[in-house]
Structure formats: C-alpha cells, structure tokens
Amino acid sequence: MLVKKIKIKDFRNIKNAQIEFDPQMNVICGENAQGKTNIIESIWLFCGAKSFRGAKDSSFIRFGEKRAETQIDFISGGIEHSAKMIFDERRAAVLDDKNLKSPGELAGIFNAVVFSPADLSLVTGGPEKRRRFLDLFIGQIYPNYIEILREYARAVMQRNRIIKDYKYDPSVAIMLDVFEKEISEKGVKIIEYRKKFLGMLNKYIPNIFSGLSGGREKIMAVYVANCDAILLGDELKKARKDDSFSGVTSAGPHRDDIDLLINGISARQYASQGQKRSVAITLKLACLSVLHEVSGEYPVCLLDDVMSELDEHRQNYILNSVRSWQTFITCCDPSTVTRLGGGSVFSIKDGGVF
Ligand SMILES: Nc1ncnc2c1ncn2[C@@H]1O[C@H](COP(=O)(O)OP(=O)(O)OP(=O)(O)O)[C@@H](O)[C@H]1O
Ligand SMILES: [Mg+2]
C-alpha cells in the first residue's frame, strides 16, 4: 500500500493542501494544535472506517464551510487508484470515478493501521476496548465477521429484552431457547475468530515487544473467555434465573477480554506509563505484520504522537522497524524522527503545509 499524493480542501483546520508523500518515511511536524493529527485522520478515513478520535462526520468540515473534500492517489495490490471522500450532509466516497454505495466499500482496498495516544486505553481501559480492537481488526481481514457480530449483538439484545419477564412468566422460555441458540451459534464463531486472530498476533508480539524493551521484558496476550465456547448454550440456560434479575446476558463473548501480561504480571495494573504505551504500540505494529501475512501487502502505517514518553532506545526501535512500509508520523520536534535519516519532512502551521 502506497499513498502517493493527497489533496485536502476545507477538512478541519486545513483550507487547502496538496502533499506528495515519500514512499517510506513522512514526518509531519509542527507545534500543538496546527493540524498534524488532522492530516493523519484525513488519510485514515480512506479505510472507510470512522475516525479513530471517535469524532462525528460533521466535525470534519471546516468551521464556516458546508462541505469538505479529500482525495488520494494510492497504489494497492500493484494497481494505481484514486479515491475521493466528500463530506457534506453525509459522507460519500468515490473510487476511480465510480460512486461507492458507502465509504465502507473502501475497506480492503485501502488499508491502514493507526496508532494514536487514545490507544493507551487498549491497556488501561476496560475489556470493551480490547474486544473492539480485536473486532475492528478481524473485520478488516474477514468482512463476514462484521455480520456475525451484528447478528450476535441482535440476539443478545433480544434475550435481554425478555429475560426480565422470565421470573414471573416461565413461558418466555420458548423464546429464550431461540435466542440462546442464535447466541451460542454465533458466539462460538466469534470466539473461534478472536482466538485465531490473537494467535496470529502472538506470532509477532513477543519479538516486537522484546525489541522495544531491549530484550528485558516478555509479553503475552491471552484470550480470556468467560465460559467455554461449546458450553455457551448450557451456561445461558443456567444463568436465566440470575439474568432475569440483572436484566442482562451474563455469558458469552460480549463479556470476554484479553489479558496483557509483562513478565507474567498484568500490564493494566502494574506497568509503567512507558511500558503501557509500548504494549499498545506493539499490538498495532503486530497488526501491520498480520495484515501483511494475510494480504501480501503492508498497510499504510499512521503514527500519531507515538514518540512521547518513550526513551531513546524505544523510539529508535520503532523508527527502525517501520522502515519496511510507508509510514506517516507526527511530532513536535522533527529531529526526534529524522535523526535516523531519510524521508520527507512536512511542517504544518495553522492548517498550512510547507
Ligand atoms: N472542523 C474544524 N474546523 C476548523 N478547525 C478545526 C476543526 N476541527 C478541529 N479544528 C482545529 O484544528 C486544530 C488542529 O488540530 P490537530 O488535532 O490536528 O492538532 P495537532 O497539530 O495534532 O496538535 P497536537 O500537537 O496538540 O496534537 C485545532 O486547533 C482544532 O481546534
Ligand atoms: Mg495531534
């Protein structure tokens, strides 16, 4: 995957910009609040996904304007493409002059992995952050997975809606049978996918983390299922009574987690700030390698504010390891990135790129 050029018009604080990128390292530097993350975000959105900042589509349009437009020229699978994203009342995407039904259709054609400071929550946040990380990424590799997740969530919602009635109306058991069958069928698949994907990530995670920490620390990422997948149907039946009081479904992969352990100890509870950041970066860099393994091509690597809080060894390790693919990295002081040589440096001030 290679982004050759981007054109940006009225996207966030960027009025007009046209940038030709280096095939390897692109350093986007500038003071705070000048538009560095906005550039990273404008590239990321071509994956067809939502913003990694959790922002609404309407927030992309520059204040006072009604419409924003971004356009990239990129190479994917050896083929040159041009894609356009239009933001007005809704977001629309165009690929090679063809209007797409939805921007989501760009998924798989344009692939990127982004690291942003918010990814620290992969380590410090609740289990839903780690489930979402797995689900989003598996969805990029196996689009069918998104549909399975949707059907699963619908069945859980339907069970939740009637489970409260169970305590005074046992006849709802007939409906519970139906929803629980759906939950366990889809749930087993979700657990299978997640375990398979985590297994693939685990091929890369130890090496990356050991490289980052100078070989001093060992990491493990373990899938923690709240019940055995084949027993899910039985567990749901057993939990009916308790669930009828809580009003929620207590068993199933919507309650699973990933344990991240450094030298056998929970990273969430005991890791230092730099270690937590290193774990989050490791997960993202491992994603790049898995996507490469599956598709034969490295996705574009977007690193927003990745250098802060890392010691020089860790910074150098990242800079060396991203040499195999096209990378976009933001920072306030370009010398933190350029000291290893190579690449293009873009300075950004008040939404203007120089
Ligand atoms: N829709 C918009 N219209 C105009 N300006 C906006 C819009 N959305 C965000 N901005 C502004 O864009 C500016 C730059 O934001 P950005 O997040 O890219 O900064 P940054 O260079 O990454 O800064 P930092 O180093 O603090 O991360 C901010 O001042 C923000 O208020
Ligand atoms: Mg920023």
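Quick note: structure is the one above.
These remarks concern the structure in this document. All figures in this text were calculated on a predicted structure; none of them were measured in a lab.

A few words now on the overall build of the protein. Helices and strands together make up the secondary structure of the protein, namely eleven helices and 15 strands. Computed over its C-alpha atoms, the radius of gyration of the protein comes to 22 Å, within 12% of the 20 Å expected for a compact globule of 354 residues. The principal-axis extents of the C-alpha atoms in the protein amount to approximately 70 × 50 × 35 Å. Considering the protein as a whole, with its 354 residues, one finds that 50% of them fall into the buried category. In the protein, the proportion of contacts linking residues at least 24 apart, taken out of those at least 6 apart, comes to 70%. Placing the 50 positive and 45 negative side-chain charges of the protein at their respective mean positions leaves the two points 2 Å apart.

With that settled, consider the layout of surface pockets. Quantified by volume, the largest pocket comes out at close to 1400 Å³. Along the walls of the largest pocket sit 41 residues, with Trp-44, Ala-49, Arg-132, Leu-136 and Phe-137 positioned nearest its centre. Elements represented by at least two residues in the lining of the largest pocket include exactly strand S8 (112-115), helix H2 (121-124), helix H3 (127-141), helix H4 (144-163) and helix H9 (273-295). Looking at side-chain class alone, the lining of the largest pocket contains 20 nonpolar, eleven polar and ten charged residues. Shared between two domains, the lining of the largest pocket takes at least three residues from each, and those domains are domain 1 (2-111 + 298-353) and domain 2 (123-265). Size it by volume and the second largest pocket reaches roughly 200 Å³. Lining the second largest pocket are 14 residues, with Asn-32, Ala-33, Lys-36, Thr-37 and Asp-304 sitting closest to its centre. Counting residues per element, the lining of the second largest pocket draws most heavily on helix H1 (residues 36-44), which supplies three residues. By residue class, the composition of the lining of the second largest pocket is three nonpolar, seven polar and four charged.

Okay, the side chain of Gln-315 next. By secondary structure assignment, the location of Gln-315 is in helix H10 (residues 312-321). On the basis of relative accessibility, which here comes to 10%, the residue Gln-315 falls in the buried class. Other than its neighbours up to four places away in sequence, Gln-315 contacts Met-307, Leu-310 and Arg-339.

Right, let's get into the site of ligand 1. By nearness alone, 15 residues border ligand 1, and Asn-32, Ala-33, Lys-36, Thr-37 and Arg-53 come closest of all. In the model, an oxygen atom of ligand 1 is placed 2.9 Å from a nitrogen or oxygen of the Gly-35 main chain. Lys-36 places a polar side-chain atom, nitrogen or oxygen, 2.7 Å from an oxygen atom of ligand 1. With the chains in place, 73% of the 650 Å² that ligand 1 exposes on its own is no longer accessible. A majority-of-atoms criterion places ligand 1 in the second largest pocket. Of the residues assigned to the shell around ligand 1, the class counts are three nonpolar, seven polar and five charged.

With the rule as written, the count across this model stands at one cavity of 30 Å³ or more. For the largest cavity, the calculated volume is near 30 Å³. In this structure, the largest cavity is lined by Leu-122, Arg-130, Phe-133, Ala-221, Ile-258, Leu-260 and Leu-283. For the lining of the largest cavity, the elements supplying multiple residues, two or more each, are H3 and strand S10 (257-262). Taken together, the residues of the lining of the largest cavity sort by class into six nonpolar, no polar and one charged.

This next bit is on the nonpolar core. Within the largest apolar cluster, 63 residues are counted, with the highest numbers of intra-cluster contacts made by Leu-201 and Ile-329. Of the residues forming this core, the biggest block, eleven residues, is contributed by helix H5 (residues 173-212). Among the domains, domain 1 (2-111 + 298-353) and domain 2 (123-265) are the pair contributing at least three residues each to this core. In this structure, Ile-329 is in contact with Met-25, Asn-26, Val-27, Ile-28, Leu-303, Val-306, Met-307, Leu-319 and Val-337, ignoring residues within four places of it in sequence. Within the second largest apolar cluster, 38 residues are counted, among which are Ile-8, Ala-17, Ile-43 and Met-85.

Taking 1.5 Å per residue, 20 residues should reach 28 Å; H4 reaches 29 Å between its end C-alpha atoms and fits that length. Within H4 the residues assigned to the buried category are Tyr-145, Ile-148, Tyr-152, Ala-155, Val-156, Arg-159, Ile-162 and Ile-163. In a view along the axis of H4, the buried residues occupy a sector of 135 degrees, so they form one face of it.

Calculation criteria
Residues numbered from 1 in each chain as written. Chains lettered and ligands numbered in written order. Predicted model: local features only at pLDDT ≥ 70, side-chain atom pairs only at ≥ 80, totals over all residues. Heavy atoms only, no water. Helix = DSSP H or I, 4+ residues; strand = E, 2+ residues; numbered from the N terminus. Rg over C-alpha atoms; globule rule 2.2 N^0.38 Å. Buried < 20%, exposed > 50% of the residue type's maximum accessible area, 1.4 Å probe, protein only. Contact = heavy atoms within 4.5 Å. Lys, Arg positive; Asp, Glu negative; His and termini not counted. Charge placed at Lys NZ, Arg CZ, Asp CG, Glu CD. 1 Å grid on protein atoms, 1.4 Å probe; cavity = no way out; pocket = protein on both sides within 12 Å on 5 of 7 lines; lining within 4 Å. Points joined across faces, edges and corners; volume = space filled by probe spheres on them. Nonpolar A, V, L, I, M, F, W, Y, C, P; charged D, E, K, R; others polar. Domains from an automatic or database assignment. Near = heavy atom within 4 Å. Polar contact = N/O pair within 3.5 Å; in protein donor to acceptor, adjacent residues only side chain to side chain. Areas by Shrake-Rupley, 256 points an atom, 1.4 Å probe, with all protein chains shown as cover. Sits in = over half its atoms within 2 Å of the grid points. Core = buried A, V, L, I, M, F, W, Y, C linked by side-chain atoms within 4.5 Å. Expected span 1.5 Å × (residues − 1). Arc of directions from axis to C-beta.

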